Amino acid sequence: MKILIDINHPAHVHYFRNFIKLMEAKGHQFCIINRDSKMINQLLDYYGIEHTIRNKRPEKKGTVPALLNLVKMTLWCIRKSFSFHPDMYVGFGSSCCAITSWLFRKPSILMDDTNHNVMNHKLYMPVCSAVLTPFYFGKDLGNKEKQITFNAYVEQLYLHSSYFNKNEHVLEELNVRPKEYVIIRYIAYDAHHDLNAHPLSSEIKKKIVNEVAKRYRVFVSLEKGVNDPFYDDYILKISPEKMHDLEANAKFMVTEGATMASEAFVLGTPYIYINPLNCCNIDYQCSNYSNRCFQTTNDDEALQFIHQLMDLQIDCDAEREKVEEQTINPTAYFESFVEHFPESKYQDNRTQ
C-alpha cells in the first residue's frame, strides 16, 4: 500500500513516526509532505523520515489567510499525488488530505482531538472516509459511521511504554537531576484556533518564572523568539527529540501549549495549563486528575497552583502505569485499522 501523510505540527511527526516504521517493515510505502517549520524538519530528519517541505504557516492570523493556506496545502498534496499515486491518505485533522483523497477517489483516514477547530471539522467531514477520535473528545462530528472512538490519548501514539522509556542521561547535558527543575512553555498563539485567545500578560509570565526559580531550576521554551534579555538565563537549549525525556523527569510543567501539557500527563508529570482555550483532553485530565492537572488564566490562581505543585510528592511512574492500565496502545490500533480498512470501521473492538 502507498500512503501519503501530511504533517502540519511538530506533534504530528510523533503521532505517525512509529506507525510509519511498523508499516514500512511490512513493505508499505510512504510519501510525507510537511509544513515548512524548523522543528518539524529537524524531527523528520532526526527520525530518518524522507519528506517534502511545502509552504510555511501564514504570519497574519484570520480566516482568509487560513483558507488561502489550505488552498496552498491542498495544491501541494495534489501535486505529490500525481507523482506518488497513493492508495490512501492519512493525517491529523488534515483537510488537505481529505479533500485530495476525495478528488482522487481514494480513502482518507484522519485522527483528531481538537474539539474547538470547528472550521476544520466542517471542511474535512464531508470528504474524509473515517476520523478516529479519542474517548475524551466528547464531540459529535455529525456522522456516526465515519467518526470512530478509540480508548487512548493521542500522546500515547509515541509516549506509550511500548515505544518510550525516559532517559535520564539527557539531563547530564543540562547539569540537572530528576525532579530538580521545572519546564515553562510559552507559545506564539499563531494558529487559527488561537484567534480569540487572550493569554497572560508578559509581566505575569515573568513573575511565574521568578516564582518558580526561587526553589527550582527553570527551563523556558519559547515557540517564537522573544527579544527580551530577561529570558537569557532560562532559555532551554536542547534538541527537540530530547524534550520528552526532559518532560518525564521534570518536577512539573507550566505551559500554554495543550500538546505538551497532555504529554506531561501521560508521562505522570503534573502540569499547569495557562491558556484560555478549552481543550477536551485538558478538560478530562483536570476533572479526573485534579491533584496534578490544572488549568487557569487567573494570575493569583496560577501562582497558587505553582506553590501547590512545588510541595506535591507524587510517584510519576505509578501515575503513568495507572493511565496505561485504563487505555490501549493507539499505534497498534491505528496500524490494524489502516491495514484492514474499510472492514475495520465496523469492528466491535474499537474502544477496547
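These numbers come from a predicted model, not from an experiment.

(A) Spatial organisation of the pairing of strand S10 (residues 252-255). Judged by which residues are buried, S10 turns out to be covered on both faces: Phe252 and Val254 on one side and Met253 and Thr255 on the other are all buried. Across four bridges, strand S8 (residues 181-186) lies against S10 in parallel orientation. When the sheet's bridge partners are listed, isoleucine 184 is paired in S10 with valine 254. Relative to strand S11 (residues 271-273), S10 runs parallel, the two being bridged by three bridges.

(B) The state of the cysteines, seen in detail. In this structure the tally under the stated criterion is zero disulfides. Here cysteine 279 is not disulfide-linked; the sulfur of cysteine 280 is the nearest cysteine sulfur, at 7.0 Å. Using a relative accessible area of 6% as the deciding quantity, one classes cysteine 279 as buried. Classification of cysteine 280 as buried rests on a relative accessible area of 4%.

(C) Looking closely at the pattern of salt bridges. A complete count under the given rule lists 16 salt bridges for this structure. Among the salt bridges present, the one from lysine 205 reaches glutamate 256, with a minimum N-O distance of 3.1 Å. Remark: glutamate 256 occurs in the loop between S10 and helix H10 (258-266) and lysine 205 occurs in helix H8 (residues 202-213); sequence separation between them is 51 residues. Of the two residues examined, lysine 205 and glutamate 256, each falls in the buried class. A salt bridge links lysine 214 to glutamate 211; its shortest N-O distance comes to 3.2 Å. Several salt bridges converge on common partners, so that one network encompasses Lys26, Glu335 and Glu339.

(D) Quick look at unusual backbone geometry. Omega for the bond connecting phenylalanine 341 with proline 342 falls within 30 degrees of zero, at 10°, which places this linkage in the cis form. Here proline 342 lies in the segment after helix H14 (330-339). For asparagine 175, which is not glycine, the phi dihedral falls at a positive 60°. Within the secondary structure, asparagine 175 sits in the loop between helix H7 (170-174) and S8.

(E) Fine view of the sheet that holds S11. Here we have five strands laid out as an open sheet, ordered S9-S8-S10-S11-S12, and parallel in their pairing. At either end of the open sheet lies a strand with only one pairing partner, and these are strand S9 (217-222) and strand S12 (293-295). This sheet shows a mean twist of 15° between the axes of neighbouring strands, independent of strand direction. With respect to the sheet, helix H12 (residues 299-310) is in contact with S10, S11 and S12, its orientation differing from that of S11 by roughly 170°.

(F) Here's a closer look at the packing of aromatic side chains. Here the structure, examined in full by the defined rule, presents 23 aromatic pairs. Aromatic side chains phenylalanine 135 and tyrosine 153 sit 5.3 Å apart centroid to centroid with 80° between the ring planes, which places their arrangement in the edge-to-face category. Taken together, the residues phenylalanine 135 in the loop between strand S6 (130-134) and strand S7 (147-150) and tyrosine 153 in the loop between S7 and helix H6 (156-159) connect sequence positions 18 residues apart. Under the relative-accessibility criterion, tyrosine 153 is labelled buried at 1%.

(G) Geometry of the sheet that holds strand S2 (residues 29-34). Taking strand neighbours across the sheet as the criterion, the seven strands line up as S3-S2-S1-S4-S5-S6-S7 in an open arrangement whose pairing is parallel. A strand with exactly one partner marks an edge of an open sheet, and here the two such strands are strand S3 (52-53) and S7. Of the pairings in the sheet, the one linking S2 to S3 comprises two bridges and is parallel in character. Paired with asparagine 34 across the bridge in S3 is isoleucine 53. Those strands touched by helix H1 (residues 10-25) are strand S1 (2-7), S2 and strand S4 (88-92), and its axis lies near 165° from that of S1. On top of the sheet, H14 reaches S1, S4, strand S5 (108-111), S6 and S7; it is set at about 145° to S7, its chief contact.

(H) Just helix H3 (residues 63-84), in detail. Compared with an ideal rise of 1.5 Å per residue, which puts 22 residues at 32 Å, H3 spans 31 Å between its outermost C-alpha atoms and is within 8% of the ideal. Those residues of H3 not exposed but buried are Pro65, Ala66, Asn69, Leu70, Met73, Thr74, Cys77, Ile78, Lys80, Ser81 and Phe84. Structurally, H3 contributes buried residues whose contacts are with S1, S2, S3, S4, helix H4 (95-103) and helix H5 (118-124). Remark: histidine 85 follows H3 within two positions and exhibits a positive phi of approximately 55°.

Conventions we followed
Residues numbered from 1 in each chain as written. Predicted model: local features only at pLDDT ≥ 70, side-chain atom pairs only at ≥ 80, totals over all residues. Heavy atoms only, no water. Buried < 20%, exposed > 50% of the residue type's maximum accessible area, 1.4 Å probe, protein only. Helix = DSSP H or I, 4+ residues; strand = E, 2+ residues; numbered from the N terminus. Pairing = 2+ DSSP bridges. Disulfide = S-S within 2.5 Å. Salt bridge = Lys/Arg side-chain N within 4 Å of Asp/Glu carboxyl O. Axes fitted to C-alpha atoms, helices over the stretch in contact; angles between N-to-C directions. Contact = heavy atoms within 4.5 Å. Phe/Tyr/Trp six-rings, centres within 6.5 Å; stacked < 30°, edge-to-face > 60°. Expected span 1.5 Å × (residues − 1).

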